[in-house]
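What follows is the residue order along each chain.
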Amino acid sequence: MAVSDECKLKFQDLKSKRSFRFITFKIDEQTQQVVVDRLGQPGDTYDDFTASMPDNECRYAVYDFDFTTDENCQKSKIFFVSWSPDTSRVRSKMLYASSKDRFKRELDGIQVELQATDPSEMSMDIVKARAL
């Protein structure tokens with residue numbers, strides 16, 4: 001599975017320039033390549049991010065999560081989310097599962113990984129707990 005250069009460039013923009021709050025990626029089955037699906041603007045919320053996940057299609061996503069530690073320090077962590085809803089096609093789920101590690105290696109700087117099959121598995125509470 002190839003990874004488009006745009007995926008790597010947009011991820012670098014999110015990581016270093018904080019140009020985006022999140023990026024969703026999808027596998028283009030025609031070209032057998034991971035491509036950028038959607039870019040979340042810096043002002044977008046976590047709810048905007050979760051709402052951008054389709055109900056019946058798999059996606060990869062990165063989310064730049066800002067939080068405050070118990071010591072009152074401002075921090076940020078980049079989450080990698082593997083979204084694979086139960087309602088998506090079996091072939092699609094297998095394709096995303098088998099390509100995930102290779103794709104993740106292309107994105108240097110991911111700190112936390114999250115796998116979700118429904119929105120409750122990527123709730124804000126879970127994200128906060130994983131970030132700390």
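Structure: see above.
Quantities reported herein were computed from a predicted structural model and do not represent experimental measurements.

### Observations concerning unusual backbone geometry
Even without being glycine, Arg18 reaches a positive phi, approximately 55 degrees. On the secondary structure map, Arg18 appears in the loop between helix H1 (5–17) and strand S2 (22–28). Taking relative accessible area as the criterion, Arg18 reaches 36% and is therefore assigned partly exposed. In this structure, Gln32 takes a positive phi of about 55 degrees despite not being glycine. Within the element layout of this structure, Gln32 appears in the loop between S2 and strand S3 (33–40).

### Things to note about the packing of aromatic side chains
Evaluated as defined, the whole model comprises twelve aromatic pairs. A connected cluster of aromatic rings, assembled from ring pairs, spans Phe22, Tyr46, Phe49, Tyr63, Phe65, Phe67 and Phe79.

### Describing the sheet that holds S3
Spatially, the six strands line up as an open sheet ordered S1-S3-S2-S4-S5-S6, and their pairing is mixed. Edge positions in the sheet fall to strand S1 (2–3) and strand S6 (112–116), since each of these pairs with one other strand and no more. Pairing of S2 with strand S4 (residues 59–68), which is carried by four bridges, proceeds in the antiparallel orientation. Bridge pairing links Phe22 to Tyr63 in S4. On the sheet, H1 packs against S1, S2, S3, S4 and strand S5 (74–83) and is oriented at approximately 35 degrees with respect to S3.

### Describing the pairing of S3
Where S1 and S3 come together, two bridges link them in parallel fashion. Each residue of the ladder has a partner; that of Val3, found in S3, is Val34. Relative to S3, S2 runs antiparallel, the two being bridged by seven bridges. When the bridges of S3 are listed, Ile23 appears paired with Leu39. The turn joining S2 and S3, which pair antiparallel and follow one another in sequence, is formed by four residues; a positive phi near 55 degrees is taken by Gln32.

Here is what the cut-offs are and how they apply
- Residues numbered from 1 in each chain as written.
- Predicted model: local features only at pLDDT ≥ 70, side-chain atom pairs only at ≥ 80, totals over all residues.
- Heavy atoms only, no water.
- Helix = DSSP H or I, 4+ residues; strand = E, 2+ residues; numbered from the N terminus.
- Buried < 20%, exposed > 50% of the residue type's maximum accessible area, 1.4 Å probe, protein only.
- Phe/Tyr/Trp six-rings, centres within 6.5 Å; stacked < 30°, edge-to-face > 60°.
- Pairing = 2+ DSSP bridges.
- Contact = heavy atoms within 4.5 Å.
- Axes fitted to C-alpha atoms, helices over the stretch in contact; angles between N-to-C directions.

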